[in-house]
Amino acid sequence: MAHDFISLAIIALVAFLAPVIAQSIPRKPIPETVLLLALGAILGPNCLNYIWITEPISLLSELGLAFLFLLAGYEINPKMLMGTEGKKGLRTWVFTFVFALALVFVHPNLALGGIDAIPMAIVLTTTALGTLMPILRERELMDTKVGRAVIAYGTWGELGPVLAMAILLSTRTNWQTAAILAAFVALCVVAAALPAFARKNGTRLYKLLESKANTTSQTFVRGTIMILVALVAFSAIFDIDIVLGAFAAGFVLRYITPEGNVSLETKLDAIGFGFLIPLFFVVSGAKIDLSAIAADPAMLLRFVALLLAVRAAPIVISLSIGKTREQYTMHERISVALYSTTALPIIVAVTSLCVKNGTLDSSTASIMVAAGATTVFIMPLFAGLAYGVADRHPIDAVREIAHDPHHAGAIVSQHIHEHREHAHTDYHHVYMAKQRPDVVHISMKEHAKHAEEE
């Protein structure tokens, strides 16, 4: 018991210090998640051994993973799934999954550590949408076309692997798996329909729960946790990965409150991001074997390269064809693709399952998890750089300098000035969107109409 509280105290200290350290670094290039993983790896049993991964700590970590996917599922707008961008995101994910399978079958040596083709394909086609959301919010990209595209592609990059894990990694026969999933869907429908009916019809029970929502009873929070734990428990009982149950709980919550509930969201963020989710990342980092990475750093680089080839490249192609090709400049397409190649939670879930089943050794799993952590750091960083550098129109600048080399300094300064003016305009739109969303919405519609007429 003492070991559990000591480990928990150290994890709480790391969770507290991570945002402080991240904020103190100029330009904030390192996301908090990377620091949580890195500090967890240093303090974990494979390095300094100050954090012990006991059963109680593992249980809290599983709850953190569940909360991460609950919030990720809640963030997803069901209408976006079947919208134009959502359908493209689905087609792109299916293509990347088939492409990854074909790649591993043709070149079996690409399956790191001898992992089976299907788990390898799943980890190569994932997007850590839950991890990306705070980064997109911090960079004020949520209401931009780049942010919307990342969510559209990232939604299927999160949902597709979750479903693939439940269906393709099951050890049961097909009919047993189908029966369990059907029962799971039925449970989700009941969990969503009953509260939604009570809310819509204003039943006495719902009015009672609503009156107690902001008191010490915290009925809405307790109800959400009840749904989450119930679906996760169902997943655990029938040996389905808990990620599916947690993700489904997020969908259920979104169905119950389609227009959102700011008070409830704030409280869930406080529970999740305040305690359980950072704990999950620290414990995930503590499981990383740094000596295994040092022994074979080429494997880490190879895995990141595979992610770029399998996940990022098809997204760039998808955004470059069809009606959307006129809406996104090349640097925007690259930014969306790089953001969507951020991967971690599914990699942790899949590698943990494979290690448990004996189909993957722990050293290779450590390298794959470390590679996922690396993408959380480098993909948003490169996406931001690609966007910023391209806004300076470097190719045009090179052409102008080649034509008039004597004024190279003035040309570079002009391009930087134009970029800053553009950034200031974007910031103004974001600020106005927060202050007067109705005005900005109308002006954007007028701008789109004017562009269409031209």
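Residues numbered from 1 in each chain as written. Predicted model: local features only at pLDDT ≥ 70, side-chain atom pairs only at ≥ 80, totals over all residues. Heavy atoms only, no water.

1. Things to note about the nonpolar core
- Residues Met120, Phe303 and Met368 are the most contacted members of the largest nonpolar core, which totals 132 residues.
- Beyond its immediate stretch of four places on either side in the chain, phenylalanine 303 contacts Leu112, Met120, Val123, Leu124, Ile347, Met368 and Ala371. (Core = buried A, V, L, I, M, F, W, Y, C linked by side-chain atoms within 4.5 Å. Buried < 20%, exposed > 50% of the residue type's maximum accessible area, 1.4 Å probe, protein only. Contact = heavy atoms within 4.5 Å.)

2. Here's the deal with the side chain of threonine 341
- Its location among the elements puts threonine 341 in the loop between α16 (330-340) and α17 (345-357).
- The residues contacting threonine 341, other than those within four sequence positions of it, are Leu307, Leu308, Arg311, Ala312, Thr375 and Met379. (Helix = DSSP H or I, 4+ residues; strand = E, 2+ residues; numbered from the N terminus.)

3. Regarding the environment of leucine 103
- Positionally, leucine 103 belongs in helix α5 (residues 84-106).
- According to the relative accessible area criterion, leucine 103 is partly exposed, its value standing at 21%.
- Placed 207 residues apart in sequence, leucine 103 and valine 310 show a C-alpha to C-alpha distance of 9.0 Å.
- When near neighbours in sequence (up to four residues on either side) are disregarded, leucine 103 contacts Leu110, Leu306 and Val310.

4. Quick look at the packing of aromatic side chains
- In total, this model carries eight aromatic pairs according to the counting rule given.
- Taken together, the ring pairs connect Phe69, Phe247 and Phe251 into an aromatic cluster.
- One residue, arginine 254, lies across the ring of tyrosine 74, its end atom 4.1 Å from the ring centre. (Phe/Tyr/Trp six-rings, centres within 6.5 Å; stacked < 30°, edge-to-face > 60°. Lys NZ or Arg CZ within 6 Å of the ring centre and 35° of its normal.)

5. Some thoughts on the packing of helix α3 (residues 55-75) against helix α13 (residues 262-286)
- For the pair α3 and α13, interaxial distance at closest approach is 8 Å and the crossing angle is 130°. Classified by the angle their axes make, α3 and α13 are oblique. As α3 packs across α13, the resulting crossing turns out to be left-handed.
- Across the contact of α3 with α13, the residue classes tally to 18 nonpolar, three polar and two charged. (Axes fitted to C-alpha atoms, helices over the stretch in contact; angles between N-to-C directions. Parallel < 35°, antiparallel > 145°, perpendicular 65-115°, else oblique. Left-handed = near helix turned anticlockwise from the far one by under 90°. Nonpolar A, V, L, I, M, F, W, Y, C, P; charged D, E, K, R; others polar.)

6. Remarks on unusual backbone geometry
- A positive phi angle, near 65°, is found at asparagine 49, a position not held by glycine.
- Among the structural elements, asparagine 49 can be located in the loop between α2 (32-43) and α3.
- For asparagine 49, a relative accessible area of 34% gives the class partly exposed.
- Unusually for a residue other than glycine, aspartate 239 sits at a positive phi of about 60°.
- Mapped onto the elements, aspartate 239 comes out in the loop between α11 (219-237) and α12 (242-256).
- Accessibility expressed as a relative area gives 51% for aspartate 239, which makes it exposed.

7. Brief notes about the pattern of salt bridges
- Scanning the entire structure with this criterion turns up two salt bridges.
- Note that glutamate 259 and arginine 199 form a salt bridge whose closest N and O atoms lie 2.1 Å from each other. Within this pair, whereas glutamate 259 is found in the loop between α12 and α13, its partner arginine 199 is found in helix α9 (residues 174-201), the two being separated by 60 residues in sequence.
- Exposure remark for glutamate 259: the relative accessible area of 54% places this residue in the exposed category. (Salt bridge = Lys/Arg side-chain N within 4 Å of Asp/Glu carboxyl O.)

8. Regarding α5
- Over its 23 residues, α5 extends 33 Å from the first C-alpha to the last, a length consistent with the 33 Å expected when each residue adds 1.5 Å.
- All buried positions along α5 are accounted for by Gly86, Lys88, Gly89, Thr92, Trp93, Thr96, Phe97, Ala100, Leu101 and Val104.
- Those residues of α5 that are buried are in contact with α4 (78-81), α6 (117-124), α8 (145-168) and α15 (297-319). (Expected span 1.5 Å × (residues − 1).)

9. Looking at the confidence of the model for the chain
- Counting all residues, the mean pLDDT for the chain is 83, and 84% of those residues have values of 70 or more.
- Predicted confidence for residues 423-454 stays below pLDDT 50, and this span has seven contacts to residues more than four positions away or in other chains. (pLDDT = per-residue confidence, 0-100.)

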